[in-house]
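Descriptive analysis of the structure
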Amino acid sequence: MSLFLLKRLVTLVGTLIGASVIIFLVLEILPGNAAQMLMGPDASPDAVAALATKLGLDQPAWTRYWHWVGGMLTGNLGDSYTYGSPVAELILERLQLTIPLAFMAMLLTTVLALLVGMTAAARHNQLGDVGLMGLTQVGIAIPNFWFAILLILLFSVKLQWFSAGGFDGWGEGMGGILDGVKSLLLPALSLAVVQAAILARITRSAVLEVMREDFVRTARAKGVSQRAVLWLHVLRNALIPVITVMGMQFSELLAGTIVVENVFYLPGLGRLIFQAISNRDLVVVRNCVMLLAAFVVIVNFVVDVLYAVIDPRIKASDI
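About the thresholds
- Residues numbered from 1 in each chain as written.
- Predicted model: local features only at pLDDT ≥ 70, side-chain atom pairs only at ≥ 80, totals over all residues.
- Heavy atoms only, no water.
- Helix = DSSP H or I, 4+ residues; strand = E, 2+ residues; numbered from the N terminus.
- Buried < 20%, exposed > 50% of the residue type's maximum accessible area, 1.4 Å probe, protein only.
- Contact = heavy atoms within 4.5 Å.
- Areas by Shrake-Rupley, 256 points an atom, 1.4 Å probe, with all protein chains shown as cover.
- Axes fitted to C-alpha atoms, helices over the stretch in contact; angles between N-to-C directions.
- Parallel < 35°, antiparallel > 145°, perpendicular 65-115°, else oblique.
- Nonpolar A, V, L, I, M, F, W, Y, C, P; charged D, E, K, R; others polar.
- pLDDT = per-residue confidence, 0-100.
- Expected span 1.5 Å × (residues − 1).
- Phe/Tyr/Trp six-rings, centres within 6.5 Å; stacked < 30°, edge-to-face > 60°.

**Side note on the overall build of the protein**
Summing up its helical and strand segments, the protein has 14 helices and zero strands in all. The order of helices and strands in the protein, counted from the N terminus, is α-α-α-α-α-α-α-α-α-α-α-α-α-α. Considering the protein as a whole, with its 319 residues, one finds that 41% of them fall into the buried category. Relative to all contacts within the protein whose residues are 6 or more apart in sequence, the contacts with residues 24 or more apart total 74%. Roughly 17100 Å² of accessible area belongs to the protein as shown, and the carbon and sulfur atoms make up 67% of that amount.

In structure tokens:
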């Protein structure tokens, strides 16, 4: 097991290094000048050059890359061009909204997908199966931002059950936490619908494949109920493809917050990235994109470890 984890950790570190190089190079070749954007189109060349020197933009690319990597290792991500405050503080502040939003969306995705996928598999080729798979096909076709607007029109404008946007923070005590959860419920639902539809179809296919195994027929022959067979025996053996998709979906949910947070005017990481791109605040963009890449790599690492936990045969073959 230790060798298994070591190999995965080496892969994780190598992937992060490669991602940092790609992110830095891609942002370097983008057109435009951050100093010119900050000074305005009417600024003199001397003033723009002075600001570029102050920001370190006149240094060679490889020097700026090593300064950036060294800063990430020490927790010093630099200062934002636009806000004039440390990037680390900006990111940590925005993550207090984005991380709970992504986890809420992932929780809704998992619950909806397992219920729909397992129910459809239990009613294979019946009316319930066809109807549920038809609904998932509709869910896959719905864009997140369009569904978010529909939720606002229905629950905020017509029914007035939820706020149309904004986030006042988590507050104090259980009441403040519940208010925060309520503010994020519609955005989380708009993120979860498409992902739940995809995951439900994957769950149904994986469950149907496992249901053809001999041990399932043996359990049914011993008198075990269909519900017990599905949830206690079949589901665990069908989890590997499901967990694979869930890992990728959590990464997609983090990236999807960029659109949804702007629809609901939520001050999260997605809105910070959008504003930083508009202002060509490359320090913020670079660190935020690297953070999202790190989330993807770490989630994949966790999925690999879960493989070994769910199916010990993967450990043995991999070592």
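Still to come is the rest of the account.
**Some points on the packing of helix α8 (residues 173–211) against helix α10 (residues 226–237)**
Contact geometry of α8 with α10 gives a least axis separation of 8 Å together with a crossing angle of 105 degrees. By the criterion of interaxial angle, the relationship of α8 to α10 is roughly perpendicular. In this structure, α8 uses V207, V210 and M211 to contact α10, whose residues at the interface are L230, V234 and N237. A breakdown of the residues in the contact of α8 with α10 according to their chemical character gives five nonpolar, one polar and no charged.

**Looking at unusual backbone geometry**
Outside of glycine, negative phi angles account for most residues, and trans bonds account for most peptide bonds. Unlike most non-glycine residues, N125 shows phi in positive territory, near 65 degrees. Considering the arrangement of structural elements, one finds N125 in the loop between α5 (87–122) and α6 (127–141). Phi angles above zero are rare outside glycine, and Q160 is one such case at about 55 degrees. Along the chain, the position of Q160 falls in the loop between α7 (144–158) and α8.

**Details of the side chain of S190**
Relative to the assigned elements, S190 resides in helix α8. S190 sits in the buried class, given a relative accessible area of 0%. In this structure S190 touches N144, F147, A148, L151, V260 and F264, once residues within four positions along its chain are discounted.

**Remarks on the confidence of the model for the protein**
Atomic detail in the predicted coordinates should be set aside for any region of low pLDDT. Per-residue confidence for the protein gives a mean pLDDT of 81; residues scoring 70 or more make up 89%. Taken element by element, the protein is modelled with least confidence in helix α14 (residues 312–318), mean pLDDT 53, and with most confidence in α5, mean pLDDT 89.

**Examining the environment of L97**
Mapped onto the elements, L97 comes out in helix α5. Put simply, L97 and W170 are 73 residues apart on the chain and 8.9 Å apart in space, counted from C-alpha to C-alpha.

**Some words on helix α4 (residues 61–74)**
For α4, which comprises 14 residues, the first-to-last C-alpha distance of 20 Å matches the rise-based estimate of 20 Å (1.5 Å per residue) to within 8%. Once α4 ends, the next one or two residues include G75, with phi positive near 85 degrees.

**Description of the packing of aromatic side chains**
Applying the stated criterion across every chain yields a total of seven aromatic pairs. Ring geometry for F103 versus F250: centroids 5.2 Å apart, planes at 50 degrees, classification tilted. Placement of the pair is F103 in helix α5 and F250 in helix α11 (residues 239–263), with a sequence separation of 147 residues. Among the residues examined, F250 registers a relative accessible area of 10% and is labelled buried. For the pair F155 and W161, a centre-to-centre distance of 5.9 Å together with 40 degrees between the ring planes defines the contact as tilted. Among the aromatic residues, those joined into a ring-pair cluster are F24, Y65, W66 and W68.

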